[in-house]
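# Fold and contact review
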Amino acid sequence: MNPQDPLAQLRDIHLPAPVSWWPPAPGWWILSILVLTTLIFCLIWLIKRYRSNHYRREALAILAQLETSLGQQPMELCHAVLALLRRTAKSAYPGQGLEAELLPQLLQRLNLSCRKPVFDLALQQQLKELPYQANPQIPAQTPTELLVSTQRWIKKHRRGVPC
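Just so you know, these numbers come straight off a predicted model, no measurement behind them.

Now for the overall build of the protein. Broken down by element type, the protein carries six helices and zero strands. Relative to its length of 163 residues, the protein is extended, with a C-alpha radius of gyration of 34 Å against a globular reference of 15 Å. Referenced to the eigenvectors of the C-alpha coordinate spread, the extents of the protein come out at roughly 130 × 35 × 25 Å. A separation threshold of at least 6 residues defines the contact pool for the protein, and within that pool the share at least 24 residues apart is 61%. Working note: accessible area of the protein is about 12200 Å², and carbon and sulfur atoms make up 63% of it. Positive and negative side-chain charges of the protein, numbering 18 and 10 respectively, have mean locations separated by a distance of 7 Å.

What follows is the structure, given as structure tokens:
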């Protein structure tokens, strides 16, 4: 019998080196390229959308300014809001000649650009008769309705839909 213990002659198990995280497998390279490309396209789309809606932000700011400056003069407020509406329609739909339309036809065409009509028939009728009156009397709710409808149209109209 051997006086030495045979277990003492055993050596420890050598573990392999840990797997390195670099370089990643080809699948990770492909995934990272796809994610980066998607992020770039989303960023470009958001920038284009922000720039294309600049006229909306500007029109809403002018509308708020008109409301504060001409709030006590209903006739001038209606004229200024309608002029702003024509300018905004021209910016949203260039080349369609909306700025030269008569007011009832303009409001009807602008209603077509929204999912739901924003300019109701009563408001259209009041605004239609307003310029032809010798001494126009504007109902108190007409400027408010016009402001609200114009603001709603500026926010909700769709540019891809022809008027």
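Following the criterion strictly, the structure yields two aromatic pairs and no others. Relative to W22, the ring of W21 lies with its centre 5.5 Å away and its plane at 65 degrees, an arrangement referred to as edge-to-face. Geometrically, the ring pair formed by W22 and W29 is edge-to-face, given 5.7 Å between the ring centres and 70 degrees between the ring planes. On the basis of relative accessible area, W29 is assigned to the partly exposed category, the value being 40%. The rings of W21, W22 and W29 are connected pair by pair, giving a single aromatic cluster.

What follows deals with the pattern of salt bridges. One pass over the structure, following the stated rule, counts one salt bridge. Ionic pairing is found between R109 and E101, a salt bridge with its closest N-O pair at 2.7 Å. Judged by relative accessible area, E101 falls into the partly exposed class, the value being 22%.

Quick look at the confidence of the model for the protein now. The pLDDT averaged across the protein works out to 89; a share of 96% of its residues lies at or above 70. No element of the protein has a lower mean pLDDT than helix 5 (residues 121–129), at 86, and none a higher one than helix 1 (residues 26–52), at 97.

Right, let's get into the side chain of T150. With respect to the helices and strands, the residue T150 is situated in helix 6 (residues 141–156). For T150, a relative accessible area of 0% corresponds to the buried category.

Moving on, we come to the nonpolar core. With 32 residues, the main nonpolar core has L110, F119, L127 and W153 as its most contacted residues. Secondary-structure elements contributing two or more residues to this core are helix 2 (54–69), helix 3 (74–92), helix 4 (103–112), helix 5 and helix 6. Take this core: its biggest share by element is 10 residues, from helix 3. In contact with F119, not counting residues within four places along its chain, are L85, L107, L110, N111, Q124, S149, T150 and W153.

Thresholds, definitions, all that
Residues numbered from 1 in each chain as written. Predicted model: local features only at pLDDT ≥ 70, side-chain atom pairs only at ≥ 80, totals over all residues. Heavy atoms only, no water. Helix = DSSP H or I, 4+ residues; strand = E, 2+ residues; numbered from the N terminus. Rg over C-alpha atoms; globule rule 2.2 N^0.38 Å. Contact = heavy atoms within 4.5 Å. Areas by Shrake-Rupley, 256 points an atom, 1.4 Å probe, with all protein chains shown as cover. Lys, Arg positive; Asp, Glu negative; His and termini not counted. Charge placed at Lys NZ, Arg CZ, Asp CG, Glu CD. Phe/Tyr/Trp six-rings, centres within 6.5 Å; stacked < 30°, edge-to-face > 60°. Buried < 20%, exposed > 50% of the residue type's maximum accessible area, 1.4 Å probe, protein only. Salt bridge = Lys/Arg side-chain N within 4 Å of Asp/Glu carboxyl O. pLDDT = per-residue confidence, 0-100. Core = buried A, V, L, I, M, F, W, Y, C linked by side-chain atoms within 4.5 Å.

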